[in-house]
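This is what each chain is made of:
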Amino acid sequence: QVQLVESGGGLVQAGGSLRLSCAASVRTFSSYDMGWFRQAPGKEREFVAAISWSSGITSYADSVRGRFTISRDNAKSTVYLQMNSLKPEDTAVYYCAAGPGGGSSHRRQMGYDYWGQGTQVTVSS
């Protein structure tokens, strides 16, 4: 069982930055692919970014590429999402997720077995 706890959300003005963290309670963290998803009010949960177990491969949604950066620290069992140049449309609850390393569905929710409770990000215009 993997428990994931997100932190770092909050209220920020458009153009600002936030850094989300997701701490995992598992000793084999380095063997998991990690992802970030988000869900805005009235919308479906959508893929944001993913990073492979080896940290060698990252993937981003078109809407955040060039503004967001995903990274991980396996020694701390933590994955990060650095969000720059935030826009009001980035407002959502952000969730981190963990899935089997080497999976091929890292852009889809079905590729992940474990989810955090989410952290709210609100970007004001």
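Before going into details, it helps to say that this report is about the structure given with it.

Conventions adopted
- Residues numbered from 1 in each chain as written.
- Predicted model: local features only at pLDDT ≥ 70, side-chain atom pairs only at ≥ 80, totals over all residues.
- Heavy atoms only, no water.
- Helix = DSSP H or I, 4+ residues; strand = E, 2+ residues; numbered from the N terminus.
- Buried < 20%, exposed > 50% of the residue type's maximum accessible area, 1.4 Å probe, protein only.
- Contact = heavy atoms within 4.5 Å.
- Core = buried A, V, L, I, M, F, W, Y, C linked by side-chain atoms within 4.5 Å.
- Phe/Tyr/Trp six-rings, centres within 6.5 Å; stacked < 30°, edge-to-face > 60°.

**Focus: the overall build of the chain**
Here is step 1: Looking only at helices and strands, one finds zero helices and 11 strands in the chain.
Here is step 2: Ordered by position in the sequence, the α and β elements of the chain form the string β-β-β-β-β-β-β-β-β-β-β.
Here is step 3: For the C-alpha atoms alone, the extent of the chain along its principal axes is close to 40 × 25 × 25 Å.
Here is step 4: Out of the 125 residues in the chain, the part that is buried amounts to 44%.
Here is step 5: Restricting to contacts in the chain with at least 6 residues of sequence separation, those with at least 24 account for 59%.

**So, the nonpolar core**
Here is step 1: By size, the foremost hydrophobic cluster in this structure holds 36 residues, and its most contacted members are M34, W36, L81, M83 and Y94.
Here is step 2: Put simply, the parts of the chain that give this core at least two residues each are β3 (18-24), β4 (32-39), β5 (46-51), β7 (68-73), β8 (78-83), β9 (92-100) and β11 (119-124).
Here is step 3: Ignoring anything within four residues of it in the chain, the contact list for M34 reads L4, C22, F29, A49, A50, I51, I70, R72, V79, A97, A98 and Y112.

**Description of the packing of aromatic side chains**
The geometry of two aromatic rings is summed up by the distance between their centres and the angle between their planes.
Here is step 1: One pass over the full model with this rule turns up five aromatic pairs.
Here is step 2: With 6.1 Å between their ring centres and 65° between their planes, Y112 and W115 make a pair best called edge-to-face.
Here is step 3: You can call Y112 buried: its relative accessible area is 5%.
Here is step 4: Judged by its relative accessible area of 24%, W115 is partly exposed.
Here is step 5: An aromatic cluster is present here, built from F37, F47, Y112 and W115 joined pairwise through their rings.

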